[in-house]
Each structure stands twice: as C-alpha cells, then as structure tokens.
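# An overview of the molecular structure
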Amino acid sequence: MSSFAPPVQRLITELGKLPGIGGRTAQRLAFHLLRASEEDALGLAEAIREVKERIGLCEVCFNLADGPRCRICTDERRDAGLVCVIEEPSDIIPIERTHEYQGRYHVLGGALSPIDGIDPEDIKIAELLTRVANPAPDAVPIREVVLATNPTTTGEATALHIAEQLRERAPSVTVTRLASGLPVGADLEYADELTLGRAMSGRRTLS
Ligand SMILES: [Zn+2]
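The rules behind each value
Residues numbered from 1 in each chain as written. Predicted model: local features only at pLDDT ≥ 70, side-chain atom pairs only at ≥ 80, totals over all residues. Heavy atoms only, no water. Helix = DSSP H or I, 4+ residues; strand = E, 2+ residues; numbered from the N terminus. Buried < 20%, exposed > 50% of the residue type's maximum accessible area, 1.4 Å probe, protein only. Expected span 1.5 Å × (residues − 1). Arc of directions from axis to C-beta. Contact = heavy atoms within 4.5 Å. Phe/Tyr/Trp six-rings, centres within 6.5 Å; stacked < 30°, edge-to-face > 60°. Donors = N, O, S within 2.8 Å, 3.2 Å for Na, K, Ca; no water. Core = buried A, V, L, I, M, F, W, Y, C linked by side-chain atoms within 4.5 Å.

Let's shift gears to the overall build of the chain. For the chain, the count of helices and strands is seven helices and seven strands. Counting from the amino terminus, helix and strand elements in the chain follow one another as α-α-α-β-β-β-α-β-α-β-α-β-α-β. Its C-alpha atoms give the chain principal-axis dimensions of roughly 65 × 35 × 35 Å. Out of the 207 residues belonging to the chain, those deemed buried represent 36%.

What follows is the structure, encoded as structure tokens:
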C-alpha cells in the first residue's frame, strides 16, 4: 500500500516506466518535480505533449520529423545518392557526431528477430528496396547503401538479409557494411565517435 497521495503515486508509477529508472529513482524524481517551480515542472509536461502531438516519421527515410520530411532529407547539401541504413532514429546521433558521413538515412524501425516475431514485413525493408530499386522519377539515383545496423546477432542478420535483397533487386548499387572494430554485441549508440568514425570511413563492400 502506498503512503503517498494518489496523484503523487501516479507520477512515481509513470516515471518508473522510463528505461533505467527504478522505484527509488522514480520516487526521487517525483519529489524533485514536486519541489520544482510550476514553470519548470509544466515545461516538462508540455514538452512531452508537444513531441507526441507534432513529431511523426519522415515519409522518405522514417527518421523523426515535425513535417512530412525530416531535416536531413530536406537538406540539399546532403548527398542523396548515399543512404545509411540504421535500426532506430537515435542511431543517427552517434553517426552525425563522427562528421564522417554526409549522405542520407533509412530508418528500419528495428531489426529482424524471428524469435521475437520480427519478420521483414515488420520493419521498413520493402520501403528501402523501393527507394533504391524503384525510386520516384524526381529522386536522385542511389549509388551506395551503407548497412549500419548494430553489430549484434539481429543487426548482422538484418544486414545480410538486406544485402541479399539488394543484390537481387538493384545489382548496380554498391552495398557496404561498417568496418569491424565496433564492440560486438553492443548497440551503435554506445560506440565512441572515433571508433564509429573509423568504421564509417573504412566501410567495406559486401560481395
Ligand atoms: Zn528523412
């Protein structure tokens, strides 16, 4: 039985649903918010409401966007002939930090994992194949696809599956994979920028 008033308990419960937040931390954060100024506390609430209302997925690459297309897809300075395939929108951050990549992205929204019931049709693979093999008439032709899924079992399986599909559907397109050196089994976002930058600049062609 909670000894807190129901609204306080509700806040603790909601905070406790966040990744990496245990019960004690949730309690600490809740009390911090209760002590905070109304402006700060409601600022957080409003920020959460705004992203949920305004942010959707880019119609081209499935990155987060506050309109039909994301900032990277609308940036004319970015090389539209080069596409980096990643699992989650958050993977863009570590790659951008390396300053080694000037192309566009394609966000799959996950990785293949038959055990968890995640099959090719559950992530944006068909959309990638269409984008590469049957682009819109006004789109810049794609000459290289960089597979930058995580160096995990599911990430590797996803990269192999996509490479195979691309060989079949778009044989003239170069398919590359990040060079080795990334910590195996870890997500891209945990790689330091020097290692990730080297893996990007040293990417190798899959034959
Ligand atoms: Zn986009």
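With 17 residues, helix α6 (residues 153–169) should cover 24 Å at 1.5 Å per step; its first-to-last C-alpha distance of 24 Å lies within 8% of that length. Along α6, the residues that are buried comprise Gly155, Thr158, Ala159, Ile162, Ala163 and Leu166. Looking straight down α6, one finds its buried side chains confined to an arc of 135°; they lie on one side. Residues of α6 that are exposed and angled more than 90 degrees away from the buried face: Thr153, Leu160 and Glu168. Buried positions along α6 lie against β3 (79–86), α5 (125–133), β5 (144–147) and β6 (174–177).

Once that is clear, we can look at the packing of aromatic side chains. For the structure on display, the rule yields two aromatic pairs. Geometrically, the ring pair formed by tyrosine 101 and tyrosine 105 is tilted, given 5.3 Å between the ring centres and 55° between the ring planes. Here tyrosine 101 falls in the buried class, since its relative accessible area comes to 2%. Residue classification places tyrosine 105 among the buried residues on the basis of a relative accessible area of 1%.

Binding of the zinc ion to the protein goes through Cys58 (SG), Cys61 (SG), Cys70 (SG) and Cys73 (SG), at separations of 2.2 to 2.3 Å. Counting the intervening residues between successive donors of the zinc ion yields the motif C-x2-C-x8-C-x2-C.

Despite not being glycine, phenylalanine 62 shows a phi value in the positive range, around 70°. A positive phi angle is found at histidine 99, which is not glycine, with a value near 60°. Counting through the fold element by element, histidine 99 comes out in the loop between α4 (92–97) and β4 (103–107). A relative accessible area of 66% places histidine 99 in the exposed class.

It is worth spelling out the nonpolar core at this point. One finds Cys84, Ile86, Ile95, Tyr101, Tyr105, Leu178 and Leu188 to be the most contacted residues of the largest nonpolar core, which totals 24 residues. Mapped by element, the contributors of at least two residues to this core are β3, α4, β4 and α7 (193–201). In this structure, isoleucine 95 is in contact with Cys84, Ile86, Tyr101, Tyr105, Ala148, Leu188, Leu196 and Met200, ignoring residues within four places of it in sequence. Within the second largest apolar cluster, 19 residues are counted, among which are Leu128, Leu129, Val145 and Val173.

Assignment of secondary structure puts threonine 98 in the loop between α4 and β4. Judged by its relative accessible area of 12%, threonine 98 falls in the buried class.

Limitation: the analysis is restricted to geometry and does not speak to function.
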